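Each chain, letter by letter, is given below.
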Amino acid sequence: MKKSIVFSAIQPSGVITLGNYIGVLKNWKILQNNYNCIYCIADMHSITNKINPKLFKKNIMDNVALYLSCNINPKKSIIFIQSHVKYHTQLCWILNCFTYLGELTRMTQFKSKIKNIFNKINLGLLNYPILMASDILLYQTNKVPVGKDQIQHLELSKKIAKRFNKIYNKKIFNIPEPLLNNGNKIMSLSNPKKKMSKSDINKNSFISLLDDPKKIHKKIKKSFTDIDNPPKIYYDIKKKPGISNLLLILSNLTGKKMSIIEKEFENQNYSYLKINVINYITDTISDIQHNFNIYKKNKDFLEYILKYGSKKASKYAKKTIEKVYNVIGLYYL
Ligand code: TRP
């Protein structure tokens, strides 16, 4: 039986965070065993925000090296940069013509992104979900591992695909399904009501996989802790979002169940918990950084992986584009 196709992507708008690692990359690594996985660096999505060109280029390559350092295996999975496969933007234009304005202006993420911009809203922000649909639909994807915040975008991708198939009465696109990861969403260290994000302006709110031990120490020490008297350690996202976030990090990095972790820290104080969190994060990150430093020194190898990845991805994407051209009546040469 042919393995199902998994597609996912991370934007290189910053260096991959501990939150990305726990919520996404660890899961990507496991998925490689049961699916044909395509893992993309969504650079075209990132330019919907203001970026610093030099830093952007660095972040892109650092993130490629980090994918590899987190054991995404280029022999098993396709690793590539979105802008290296021209079919993404090509399909995006076509799908623009099959999407309604109202569908895009209704997107929750769009509405929240434009909240503080009163004019000069770039169209990339509006069209963002269509580019994402193109990413997914190009590869006849079966499963998309996404967090809850991207479900609405995935739903729109499905809607566009179904609409397109219906108009031409042909199965041009496979209808993708979400692969919800099991709720291990790591929150911001300074405001545990928000998701940990690499593009947060408050640098203390996230841990980057390239932070040194000193920075990790500082950030965890400073992290938000809930006020109660006497301070108790237990998992309850509503009552104790800060402590629960730290416990969740620990449970993920140690592989221990939350009930076991809670027992271990039952009669301890916050500072003891934080020291443990710091130690586990430092250990995990130092393994990743060890690999990273080797990959980073070998630019030729990274470029080779990317060329190989985009060539393979292009081969699949081209098949879909050819079908799309033919069914629409565009002339395919
Ligand atoms: N929009 C996603 C995010 O910000 C990244 C992304 C781009 C993506 N293309 C995708 C995720 C396709 C899944 C599938 O998290």
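The sections below set out a description of the structure shown in this document.

The rules we used
- Residues numbered from 1 in each chain as written.
- Predicted model: local features only at pLDDT ≥ 70, side-chain atom pairs only at ≥ 80, totals over all residues.
- Heavy atoms only, no water.
- Helix = DSSP H or I, 4+ residues; strand = E, 2+ residues; numbered from the N terminus.
- Polar contact = N/O pair within 3.5 Å; in protein donor to acceptor, adjacent residues only side chain to side chain.
- Near = heavy atom within 4 Å.
- Areas by Shrake-Rupley, 256 points an atom, 1.4 Å probe, with all protein chains shown as cover.
- Nonpolar A, V, L, I, M, F, W, Y, C, P; charged D, E, K, R; others polar.
- Axes fitted to C-alpha atoms, helices over the stretch in contact; angles between N-to-C directions.
- Parallel < 35°, antiparallel > 145°, perpendicular 65-115°, else oblique.
- Contact = heavy atoms within 4.5 Å.
- Buried < 20%, exposed > 50% of the residue type's maximum accessible area, 1.4 Å probe, protein only.
- Pairing = 2+ DSSP bridges.
- Core = buried A, V, L, I, M, F, W, Y, C linked by side-chain atoms within 4.5 Å.
- Domains from an automatic or database assignment.

**Looking at the side chain of S310**
Mapped onto the elements of the fold, S310 is located in helix α13 (residues 299–328). A polar contact is formed between the side chain of S310 and the backbone oxygen of K307, at a distance of 3.3 Å.

**Quick word on the site of the ligand**
Taken together, the neighbourhood of the ligand is formed by F7, A9, Q11, A42, H45, Y128, M132, D135, I136, V144 and Q150. At 2.7 Å from a nitrogen atom of the ligand is found a side-chain nitrogen or oxygen belonging to D135. A distance of 3.3 Å is found between a nitrogen atom of the ligand and a side-chain nitrogen or oxygen belonging to Q150. When isolated, the ligand has an accessible area of 370 Å², and the protein chains bury 89% of it. Considering every element that reaches the shell around the ligand, the biggest residue donor is helix α7 (residues 123–138), with four residues. Class assignment of the residues belonging to the shell around the ligand gives a composition of seven nonpolar, three polar and one charged.

**Comments concerning the packing of helix α3 (residues 53–69) against α13**
The interhelical angle for the contact between α3 and α13, taken along N-to-C directions, is 80°, at an axis separation of 11 Å. Looking at the two axes, α3 sits roughly perpendicular to α13. Residues M61, V64, A65 and L68 of α3 pack against F301, L302, E303 and L306 of α13. Its residues assigned to classes, the contact of α3 with α13 comprises seven nonpolar, no polar and one charged.

**Concerning the pairing of strand β3 (residues 78–81)**
Of the two faces of β3, the one holding I78 and F80 and the one holding I79 and I81 are both buried throughout. Of the pairings in the sheet, the one linking strand β2 (residues 36–41) to β3 comprises four bridges and is parallel in character. Within the sheet, the bridge partner assigned to C40 lies in β3 and is F80.

**Let's talk about the nonpolar core**
Within the largest apolar cluster, 56 residues are counted, with the highest numbers of intra-cluster contacts made by L25, Y67, I220, I249, L273 and I281. Counting contributing residues per domain, this core is built from domain 1 (5–186 + 298–328) and domain 2 (211–291), each supplying no fewer than three. Discounting residues that sit within four places of it in the chain, Y67 has contacts with A9, I10, I16, L25, W28, Y39, C40, I41, I72 and I79.

So far we have only geometry, and geometry alone does not tell us how the molecule works.
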